[in-house]
Amino acid sequence: GAVVSQHPSWVICKSGTSVKIECRSLDFQATTMFWYRQFPKQSLMLMATSNEGSKATYEQGVEKDKFLINHASLTLSTLTVTSAHPEDSSFYICSARGVPPGSGANVLTFGAGSRLTVL
Amino acid sequence: SQQGEEDPQALSIQEGENATMNCSYKTSINNLQWYRQNSGRGLVHLILIRSNEREKHSGRLRVTLDTSKKSSSLLITASRAADTASYFCATDLTGANSKLTFGKGITLSVRP
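Since we're looking at a predicted model, the values are computed, not measured.

Visitor: How should the overall build of chain B be read in this particular structure?
Guide: Helices and strands together make up the secondary structure of chain B, namely 0 helices and 11 strands. Helices and strands appear in chain B in the N-to-C order β-β-β-β-β-β-β-β-β-β-β. Expected size for 112 residues packed as a compact globule is a radius of gyration near 13 Å; at 13 Å, chain B falls within 12% of this value. Split into buried and exposed, the 112 residues of chain B put 45% on the buried side. Intrachain contacts of chain B at a sequence separation of at least 6 include 56% that bridge at least 24 residues. Looking at chain B as shown, the accessible area adds up to about 5,300 Å², and 46% of this sits on carbon and sulfur atoms. In chain B, the 14 positive side-chain charges and the 10 negative ones have mean positions that sit 4 Å from each other.

Have a look at this one:
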């Protein structure tokens, strides 16, 4: 089946540093990838939609200069949290949309998430 | 704002019992999906039901959809301890599997 890999799965950083999270579709081409943020015991909140080769579309209230998204290829999207602060600590989850080999259907597959802790 | 709202927020049952979780939403949808999330992990797609469908089965899962009431239910039969997880409903307005809107989730605990 479709596999989406997120890396790193967890990261701890100092306040003011930037952190990059990668989202890769391993066995299919993802024309679109989505980035979500999830606080403890809360729902997933969509942050942005990224299409390969174009600028990401951010949801209302999400700072595009704070959360830089790059979708450079059909299998890779990155989220960079710039100048991270403790309030950016959260669980970030990506999902990728595409047609996995043999499925014949457009499916949405989620990564395992990346837990960011900013000290 | 949340499109989907699940209830109850938390459910604790004994292994072997059935678990019923409900989801209500506000606007017209193309389909509704249920996902499972183990603690600290990503989401796993469980089942999708389209707006023109009323009931769907997948193994021990049964999902219903009532578009007139804008509600859905997920039934897990003969629950197992391994079913312990958080369950989310998500609505897809366009059918393009694009901007899913998730509910707050239900925490299911199945006691062995």
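Having seen it, we continue.
Visitor: Would you take a moment to explain the side chain of Lys 66 of chain A for this structure?
Guide: All names here are of chain A. Along the polypeptide, Lys 66 turns up in the loop between strand E6 (57-58) and strand E7 (67-73). Classification of Lys 66 as buried rests on a relative accessible area of 11%. Setting aside residues up to four positions removed in sequence, Lys 66 forms contacts with Thr 80, Val 81, Thr 82, Ser 83, Ala 84, His 85 and Asp 88.

Visitor: Can you help me understand the pattern of salt bridges in this one?
Guide: For side chains bearing opposite charge, pairing can occur when the charged atoms are close. Under the counting rule described, the total for this entry stands at 5 salt bridges over all chains. With a closest N to O distance of 3.4 Å, Arg 24 of chain A and Glu 22 of chain A form a salt bridge. The salt bridge involving Arg 60 of chain B is made with Asp 83 of chain B; its shortest N-O contact spans 2.9 Å. One end of the pair, Arg 60 of chain B, is in the loop between strand E6 (55-58) and strand E7 (61-66); the other, Asp 83 of chain B, is in the loop between strand E8 (71-76) and strand E9 (85-92), and 23 residues separate them in sequence. The exposure class of Arg 60 of chain B is partly exposed, given its relative accessible area of 23%. In this structure Asp 83 of chain B comes out as buried when scored by relative accessible area, which is 6%.

Visitor: Looking at this model, I keep getting lost on the sheet that holds E7 of chain A. Mind explaining?
Guide: The pairing of strands in a sheet comes from backbone hydrogen bonds and takes either a parallel or an antiparallel form. Residue and element names in this part refer to chain A. The sheet built from 4 strands is open, its strands ordered E1-E3-E8-E7 with antiparallel pairing. Both edges of this open sheet fall to strand E1 (4-7) and E7, since each of them pairs with a single strand only. The mean angle between the axes of side-by-side strands here comes to 15°, regardless of whether they run parallel or antiparallel. Both E7 and strand E8 (residues 76-81) contribute to a ladder of 5 bridges, which runs antiparallel. Residue pairing across strands places Leu 68 opposite Thr 80, the latter belonging to E8.

Visitor: Just to check I follow, could you spell out the interface of chain B and chain A for this structure?
Guide: It is common to give the size of an interface as the accessible area lost on bringing the parts into contact. At the interface, 16 residues of chain B touch 20 residues of chain A. Of the roughly 1,400 Å² buried at the junction of chain B and chain A (both faces included), carbon and sulfur atoms supply 54%. Per-class residue counts for the side of chain B that touches chain A are 6 nonpolar, 7 polar and 3 charged.

Visitor: Help me out: how do you make sense of the nonpolar core in this one?
Guide: In summary, soluble globular proteins display a tendency toward joint burial of nonpolar side chains. In terms of nonpolar packing, the biggest core is built from 24 residues, with Trp 35, Phe 67, Ile 69, Leu 79, Tyr 92 and Leu 116 of chain A touching the most fellow members. Among the elements of the structure, strand E2 (10-13), strand E3 (19-25), strand E4 (30-38), strand E5 (44-51), E7, E8, strand E9 (90-98) and strand E11 (114-118) of chain A are those that each provide at least two residues to this core. Aside from chain neighbours lying at most four places away, what touches Tyr 92 of chain A is Gln 6, Ile 21, Tyr 36, Arg 37, Met 47, Phe 67, Leu 79, Gly 113, Ser 114 and Leu 116 of chain A. Judged by nonpolar contacts, the second largest core, of 21 residues, contains Met 21, Leu 32, Trp 34 and Tyr 87 of chain B.

Visitor: Just to check I follow, could you spell out the packing of aromatic side chains for this structure?
Guide: Each aromatic ring pair is specified by the distance between its two centres and by the angle formed by the two planes. Across all of its chains, the model carries 7 aromatic pairs over all chains by this definition. Aromatic pair Phe 110 of chain A and Tyr 35 of chain B: ring centres 5.2 Å apart, planes at 75°, arrangement edge-to-face. Highlighted residues: Phe 110 of chain A in strand E10 (residues 107-110) and Tyr 35 of chain B in strand E4 (residues 31-37), drawn from two different chains. Classification of Tyr 35 of chain B as buried rests on a relative accessible area of 0%. Both rings, one in Phe 110 of chain A and one in Phe 102 of chain B, keep their centres 5.9 Å apart while their planes meet at 80°; by these two values the pair is edge-to-face. One end of the pair, Phe 110 of chain A, is in strand E10; the other, Phe 102 of chain B, is in strand E10 (residues 101-102), on a second chain. Using a relative accessible area of 8% as the deciding quantity, one classes Phe 110 of chain A as buried.

Visitor: Would you mind going over a nonpolar patch on the surface with me for this structure?
Guide: Among the surface-exposed residues, Trp 10, Ile 12 and Leu 119 of chain A lie close enough to one another that they form a single nonpolar patch of about 390 Å² accessible area. Turning to its location among the elements, Ile 12 of chain A is positioned in strand E2.

Criteria and cut-off values
- Residues numbered from 1 in each chain as written.
- Chains lettered and ligands numbered in written order.
- Predicted model: local features only at pLDDT ≥ 70, side-chain atom pairs only at ≥ 80, totals over all residues.
- Heavy atoms only, no water.
- Helix = DSSP H or I, 4+ residues; strand = E, 2+ residues; numbered from the N terminus.
- Rg over C-alpha atoms; globule rule 2.2 N^0.38 Å.
- Buried < 20%, exposed > 50% of the residue type's maximum accessible area, 1.4 Å probe, protein only.
- Contact = heavy atoms within 4.5 Å.
- Areas by Shrake-Rupley, 256 points an atom, 1.4 Å probe, with all protein chains shown as cover.
- Lys, Arg positive; Asp, Glu negative; His and termini not counted.
- Charge placed at Lys NZ, Arg CZ, Asp CG, Glu CD.
- Salt bridge = Lys/Arg side-chain N within 4 Å of Asp/Glu carboxyl O.
- Pairing = 2+ DSSP bridges.
- Axes fitted to C-alpha atoms, helices over the stretch in contact; angles between N-to-C directions.
- Buried area = accessible area lost by both parts, 1.4 Å probe.
- Nonpolar A, V, L, I, M, F, W, Y, C, P; charged D, E, K, R; others polar.
- Core = buried A, V, L, I, M, F, W, Y, C linked by side-chain atoms within 4.5 Å.
- Phe/Tyr/Trp six-rings, centres within 6.5 Å; stacked < 30°, edge-to-face > 60°.
- Patch = residues over 30% accessible without salt bridge, like charges linked within 9 Å, V, L, I, M, F, W, Y side chains within 5 Å.

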